[in-house]
Amino acid sequence: MTHTGPVAEHREIVVVGGGAMGSAAAWQLAGRGRQVTLLERFGARHTMGASHGRSRNFNITYEKPAYAVLLHEAARLWRELEHDSGTPLLELVGIVNHGAGVRPDLADVLGALGFQASMLAPEEANERWAGIRFDTRVLFSPDGGRLDADEAVVALQSEAVRHGGEVLLQTPVVEVRPRSDDRVEVVTDDTTYLAETVVVTAGAWTERLLGPSAVALPPMVVTEEQPAHFAVLDPTFDWPGWNHMPAPDEARYDYWHAPAYGTLTPGEGVKAGWHAAGPACDPDARTFAPEPVQLAALQRYAREWLPGVDAEAAAPISCTYTSTVDTDFVLDRIGPLVVGAGFSGHGFKFVPSVGRILADLATHNSRPESRFSARW
Ligand SMILES: Cc1cc2nc3c(=O)[nH]c(=O)nc-3n(C[C@H](O)[C@H](O)[C@H](O)COP(=O)(O)OP(=O)(O)OC[C@H]3O[C@@H](n4cnc5c(N)ncnc54)[C@H](O)[C@@H]3O)c2cc1C
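All values derive from a computational prediction rather than experimental measurement.

Asker: Can you help me understand helix H8 (residues 351–364) in this one?
Answerer: One turn of the α-helix equals 3.6 residues, which is why residues spaced by three or four share an orientation. Taking 1.5 Å per residue as the helical rise, H8 with its 14 residues ought to reach 20 Å, and the 20 Å between its terminal C-alpha atoms agrees with that figure. Burial analysis of H8 places twelve of its 14 residues in the buried class, which makes it a mostly covered element. Within H8, burial applies to Val 351, Pro 352, Ser 353, Val 354, Gly 355, Ile 357, Leu 358, Ala 359, Asp 360, Leu 361, Ala 362 and Thr 363.

Structure (structure tokens):
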């Protein structure tokens, strides 16, 4: 049965999905004076997708120039959003990478990409960050930091509204229907929007929403990721964001489920997690119950590598990754549809730049960086 709310509303641009990426697209489009309506199925500050919580790493240790360019732009745009919204969002607490795979030349590589970076001996790092245990060389960058995800989404949406955009929460879209006249009907329970262009940023629900519209997307897997917050033992400890890579051939890493990452979440403790280790899931059928094996392994990780936390006091978090095979994002336009998807657990730091790219695609009919193309 085809849903047909009353055809009541014409819009230039409709954005479906008000997580970080959709909110950033609406912010950019409204800022350019475009008529934009953002439709989000859940309420404000919901915790059902991938953009909730008070902390995300602004990790700058990307060697791919395409990502380094986006990072420099994002750093500038985060400050712009902070200034306009009056909300602090990005705190440069630094980022450290340690473990296997931290090549001695990495600081130079990042330096060549325009980032401050240096190599530290483990003793120096242990001295500086007593809450974390290091036993290899450590890459440190003061250009890395921590983002406040919850406040970022609120700031993006309120800035979109301040520039004349419309943000409708608790408004699930039941169908996205491209028409032969190159416009799109966006159907909700009580309204059908007829739009010139539709931006789809529906996260874990992207394939479900776009499947019927015959838009061919690269394969993506939705997983439920469950990092946890651990109580801090000494509030005076300094906490950078970190990435910790295991050595595949060393037995002491056998219990690891994936590379580990983490950061301090002010007021909640230290967040630690396995990167992209969660089970595939239906985002609407999650139990949100902690996965006991991974949680126990995470607590062992905390006992062995995070002397600054109480490994027994763990509060698991549920969140979704939507991952492409190569972890590159999908940022592309197919006819009147613009798609932003597949952020593969590393998209938050790039949010304002992704918003700019999606707005460019929505308004200029431009082509994306080939790396982000939906063609595969
Ligand atoms: C545990 C975890 C840790 C992470 N850590 C980092 C990090 O340290 N650094 C970093 O850079 N990135 C990190 N990320 C990744 C980052 O958070 C995501 O890439 C980003 O939040 C994705 O945003 P999104 O807008 O695509 O998805 P979402 O936030 O999931 O947004 C999709 C939105 O679409 C809405 N929607 C879906 N279907 C419909 C519909 N039919 N109608 C209306 N609305 C709909 C949903 O309700 C949702 O709000 C992490 C992610 C997780 C899960």
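Asker: What exactly am I supposed to notice about the packing of helix H1 (residues 20–31) against helix H5 (residues 149–162) here?
Answerer: To describe two helices that pack against each other, one gives the angle between their axes and the distance between the axes. Closest axis-to-axis distance for the H1/H5 pair is 8 Å, and the angle between their directions is 30°. One element, H1, and the other, H5, form an angle in the roughly parallel class. The two elements H1 and H5 meet at a crossing, and its hand is left-handed. Contact residues: H1 offers Ala 20, Ser 23, Ala 24, Ala 26, Trp 27 and Ala 30, while H5 offers Val 153, Leu 156, Gln 157, Glu 159 and Ala 160. Along the lines of polarity and charge, the residues of the contact of H1 with H5 split into eight nonpolar, two polar and one charged.

Asker: Is there a simple way to explain the sheet that holds strand S7 (residues 138–141) in this structure?
Answerer: One key point about sheets: their strands pair by backbone hydrogen bonds, in either a parallel or an antiparallel sense. Reading across the sheet, the eight strands line up as S6-S7-S5-S15-S16-S17-S14-S18 and stay open at both edges, with mixed pairing between neighbours. A single partner strand is all that each edge strand has here, and the edge strands are strand S6 (118–120) and strand S18 (309–316). Each strand axis lies, on average, 25° off the axis of its neighbour in the sheet, ignoring direction. Relative to strand S16 (residues 260–265), strand S15 (residues 241–245) is paired through three bridges, and the arrangement is antiparallel. Bridged to Asn 243 within S16 is Tyr 261. The strands touched by helix H7 (residues 292–305) are strand S5 (95–99), strand S14 (228–232), S15, S16, strand S17 (269–274) and S18; relative to S18, the strand with the most contacts, the crossing angle is about 150°.

Asker: Is there a simple way to explain the packing of aromatic side chains in this structure?
Answerer: Between two aromatic rings, the relevant description is the distance of the centres plus the angle of the planes. For the structure shown, the criterion picks out 18 aromatic pairs. Plain terms: the ring middles of Tyr 67 and Phe 372 are 5.7 Å apart, the flat faces sit at 75° to each other, and that makes the pair edge-to-face. With a gap of 305 residues between them, Tyr 67 in helix H2 (residues 65–85) and Phe 372 in the segment after H8 connect regions that are remote in the sequence. Judged on exposure class, the residue Tyr 67 and its partner Phe 372 are both buried. The lysine or arginine in question, Arg 133, covers the ring of Trp 305, its NZ or CZ lying 3.9 Å from the ring centre. Over the ring of Tyr 255 we find Arg 300, and its NZ or CZ is 3.9 Å from the ring centre.

Asker: Before we go on, may I ask you to explain the pattern of salt bridges in this structure?
Answerer: Opposite charge on two side chains lets them pair, provided their charged atoms get close. Per the counting criterion, the structure on display carries 27 salt bridges. By sharing partners, the salt bridges in this structure join Glu 175, Arg 177, Arg 179, Asp 181, Arg 183 and Glu 185 into a single network.

Asker: Please clarify how the pairing of strand S2 (residues 36–39) should be interpreted in this entry.
Answerer: The alternating pattern of S2 places Val 36 and Leu 38 and Thr 37 and Leu 39 on opposite faces, both of which are buried. When S2 meets strand S9 (residues 166–168), the two strands line up parallel, connected through three bridges. Opposite Thr 37, over in S9, you have Glu 166 as the bridge partner.

Asker: Can you help me understand the sheet that holds strand S4 (residues 90–91) in this one?
Answerer: Across the sheet, which stays open at both edges, the three strands sit in the order S3-S8-S4 with antiparallel pairing between neighbours. The open sheet terminates on both sides in strands that have one partner only, identified here as strand S3 (56–58) and S4. Sheet analysis places S3 next to strand S8 (residues 145–147), joined by three bridges and oriented antiparallel. Pairing of Arg 56 across the sheet is with Leu 147, part of S8. Where H2 meets the sheet, it contacts S3, S4 and S8, and its direction lies at approximately 120° from that of S3.

Asker: Just checking my understanding: could you explain the site of the ligand for this structure?
Answerer: Taken together, 34 residues lie around the ligand, and Glu 40, Ser 51, Asn 57, Cys 319 and Lys 349 are the ones closest in. Interatomic distance of 3.2 Å between a backbone N/O atom of Gly 347 and an oxygen atom of the ligand. Note that an oxygen atom of the ligand is positioned 3.0 Å from one of the backbone N or O atoms of Phe 348. Broken down by secondary-structure element, the contributors of at least two residues to the shell around the ligand are H1, S3 and strand S19 (319–324). With three residues, S19 is the single largest residue contributor to the shell around the ligand.

Asker: Please clarify how empty space enclosed by the protein should be interpreted in this entry.
Answerer: Once rolled over the atoms, a probe with the size of a water molecule shows which space is left empty. Counted under the stated rule, the structure contains one cavity of 30 Å³ or more. Within this model, the largest cavity holds a volume of roughly 40 Å³. Lining the largest cavity are Gln 226, Pro 227, Ala 228, Pro 290, Glu 291, Gln 294, Leu 295 and Pro 316. By residue class, the composition of the lining of the largest cavity is five nonpolar, two polar and one charged.

Cut-off values and rules
- Residues numbered from 1 in each chain as written.
- Predicted model: local features only at pLDDT ≥ 70, side-chain atom pairs only at ≥ 80, totals over all residues.
- Heavy atoms only, no water.
- Helix = DSSP H or I, 4+ residues; strand = E, 2+ residues; numbered from the N terminus.
- Expected span 1.5 Å × (residues − 1).
- Buried < 20%, exposed > 50% of the residue type's maximum accessible area, 1.4 Å probe, protein only.
- Axes fitted to C-alpha atoms, helices over the stretch in contact; angles between N-to-C directions.
- Parallel < 35°, antiparallel > 145°, perpendicular 65-115°, else oblique.
- Left-handed = near helix turned anticlockwise from the far one by under 90°.
- Contact = heavy atoms within 4.5 Å.
- Nonpolar A, V, L, I, M, F, W, Y, C, P; charged D, E, K, R; others polar.
- Pairing = 2+ DSSP bridges.
- Phe/Tyr/Trp six-rings, centres within 6.5 Å; stacked < 30°, edge-to-face > 60°.
- Lys NZ or Arg CZ within 6 Å of the ring centre and 35° of its normal.
- Salt bridge = Lys/Arg side-chain N within 4 Å of Asp/Glu carboxyl O.
- Near = heavy atom within 4 Å.
- Polar contact = N/O pair within 3.5 Å; in protein donor to acceptor, adjacent residues only side chain to side chain.
- 1 Å grid on protein atoms, 1.4 Å probe; cavity = no way out; pocket = protein on both sides within 12 Å on 5 of 7 lines; lining within 4 Å.
- Points joined across faces, edges and corners; volume = space filled by probe spheres on them.

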